[in-house]
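Each chain is listed here by its residues.
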Amino acid sequence: MSRLPKLYIGTNTKMYKTIADTVAFLTELGRNTRDLSRDCMELFVIPSFTALDRVAPIARQHEITLGAQNMCWEDRGQFTGEISPLMLREVGVGIVEIGHSERRHCFGETDDMQNKKILCALRHGFTALLCIGETGPQKERGTADEVLRMQLKNGLAGVAPSQAKNVWIAYEPVWAIGVSGVPATKEYAAQRHQVIRKALIELWGEEAGGGVPVLYGGSVNGQNATELIQMPCIDGLFIGRSAWDPDNFAQIIRAVLREGAYCHS
Ligand code: PGA
């Protein structure tokens with residue numbers, strides 16, 4: 001399978017950046033990537049809810065797509081503490097991240113909940129970024145591929161092939177994420193990406209399933225980013241810590257664009 005034409009690259013800032021921090025981050029990232037054609041890459045940032053409204057014009061100006069870290073599956077109602085798709089639409093969000101490992105493991109979210117969120121996000125015209133990944137014990141038991149297939153097929157149940165163009169997948173092994181994470185080797189990541197691609201094709205057929213971007217995430221850094229992107233089945237990178245400094249992130253983006261020969265920049 002040949003590489004998708006664009007690089008998909010972005011960051012989720014988790015619960016680390018205030019509004020002021022996010023304004024500074026996006027402004028600097030925009031400045032540092034101004035010369036890079038957006039025809040070659042889909043650059044996205046997923047900040048905290050409170051920052052979205054304020055940073056939307058900055059993101060627009062720099063052609064950086066904004067995402068939300070979570071979303072309720074209902075439009076309105078008695079759901080204290082939740083954020084509705086209508087509220088996200090109002091602030092100009094393009095992507096909704098669904099099922100990040102921290103949502104699943106710290107907040108008990110299930111595949112059924114991810115599925116309701118996916119269907120809702122697609123109904124409202126967002127790009128749904130579904131995060132999946134096996135835990136360390138599942139990897140040790142050799143059940144990673146089964147886990148990934150379950151998370152995909154349950155999370156994406158009821159999504160029609162015609163909606164697949166608005167779905168992105170992030171493969172983020174739980175054992176690779178965060179300060180105590182160990183990044184996956186490019187070979188291990190590539191094997192899992194192939195399993196994911198096969199499951200997407202089973203769900204939606206060769207054309208629709210073959211066009212869904214599958215990103216790798218989990219301790220991506222300046223050292224391993226270019227190795228990972230050498231693998232043709234890895235369509236992009238979803239980066240945490242190493243992207244939160246805009247200069248560092250811009251350096252990674254440039255290196256990855258070069259290595260993947262996406263554009264001649
Ligand atoms: P990390 O986070 O790059 O800091 O490991 C990745 C993620 O949680 O998406």
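Look a little higher up for the structure.
Residues numbered from 1 in each chain as written. Predicted model: local features only at pLDDT ≥ 70, side-chain atom pairs only at ≥ 80, totals over all residues. Heavy atoms only, no water.

**Some remarks on the nonpolar core**
Then, in step 1: Within the largest apolar cluster, 70 residues are counted, with the highest numbers of intra-cluster contacts made by L156, I169, Y216 and L237.
Then, in step 2: For this core, the element with the highest residue contribution is helix α8 (residues 186-210), accounting for seven residues.
Then, in step 3: In this structure L237 touches Y8, I9, G10, L215, Y216, V220, A225, L228, I229 and V256, once residues within four positions along its chain are discounted.
Then, in step 4: If you look at the next biggest cluster of nonpolar residues, it comprises eleven residues, including L4, F44, L129 and L215. (Core = buried A, V, L, I, M, F, W, Y, C linked by side-chain atoms within 4.5 Å. Buried < 20%, exposed > 50% of the residue type's maximum accessible area, 1.4 Å probe, protein only. Helix = DSSP H or I, 4+ residues; strand = E, 2+ residues; numbered from the N terminus. Contact = heavy atoms within 4.5 Å.)

**A short note on the site of the ligand**
Then, in step 1: Near the ligand you find K14, H100, E172, A176, I177, G178, G218, S219, G240 and R241, and these make up its full shell.
Then, in step 2: Contact between the ligand and H100: an oxygen atom at 2.7 Å from a side-chain N or O atom of the residue.
Then, in step 3: For the ligand, an oxygen atom lies 2.6 Å from a polar atom in the side chain of R241.
Then, in step 4: A total of 280 Å² of accessible area belongs to the ligand in isolation, and the protein chains cover 99% of it.
Then, in step 5: Comparing atom positions with the cavity grids shows the ligand to sit within the largest pocket. (Near = heavy atom within 4 Å. Polar contact = N/O pair within 3.5 Å; in protein donor to acceptor, adjacent residues only side chain to side chain. Areas by Shrake-Rupley, 256 points an atom, 1.4 Å probe, with all protein chains shown as cover. 1 Å grid on protein atoms, 1.4 Å probe; cavity = no way out; pocket = protein on both sides within 12 Å on 5 of 7 lines; lining within 4 Å. Sits in = over half its atoms within 2 Å of the grid points.)

**What to know about the packing of helix α5 (residues 111-123) against helix α7 (residues 144-155)**
Then, in step 1: Two elements in contact, α5 and α7, have axes whose closest approach is 8 Å; the angle formed by their N-to-C orientations is 45 degrees. Taken together, the axis directions place α5 and α7 in an arrangement best described as oblique. Contacts from D111, Q114, N115 and I118 of α5 reach α7 at M150, Q151, N154 and G155.
Then, in step 2: Grouping the amino acids of the contact of α5 with α7 by side-chain chemistry returns two nonpolar, five polar and one charged. (Axes fitted to C-alpha atoms, helices over the stretch in contact; angles between N-to-C directions. Parallel < 35°, antiparallel > 145°, perpendicular 65-115°, else oblique. Nonpolar A, V, L, I, M, F, W, Y, C, P; charged D, E, K, R; others polar.)

**Section: the layout of surface pockets**
Then, in step 1: Roughly 720 Å³ of internal volume is contained in the largest pocket.
Then, in step 2: N12, K14, M15, Q69 and E102 are the residues nearest the centre of the largest pocket, which is lined by 31 residues in total.
Then, in step 3: Mapped onto the lining of the largest pocket, the elements with two or more residues apiece are α4 (101-106) and β8 (236-239).
Then, in step 4: Among the elements that line the lining of the largest pocket, the one with the most residues is α4, at three residues. (Points joined across faces, edges and corners; volume = space filled by probe spheres on them.)

On their own, these measurements won't tell you what the molecule is for.
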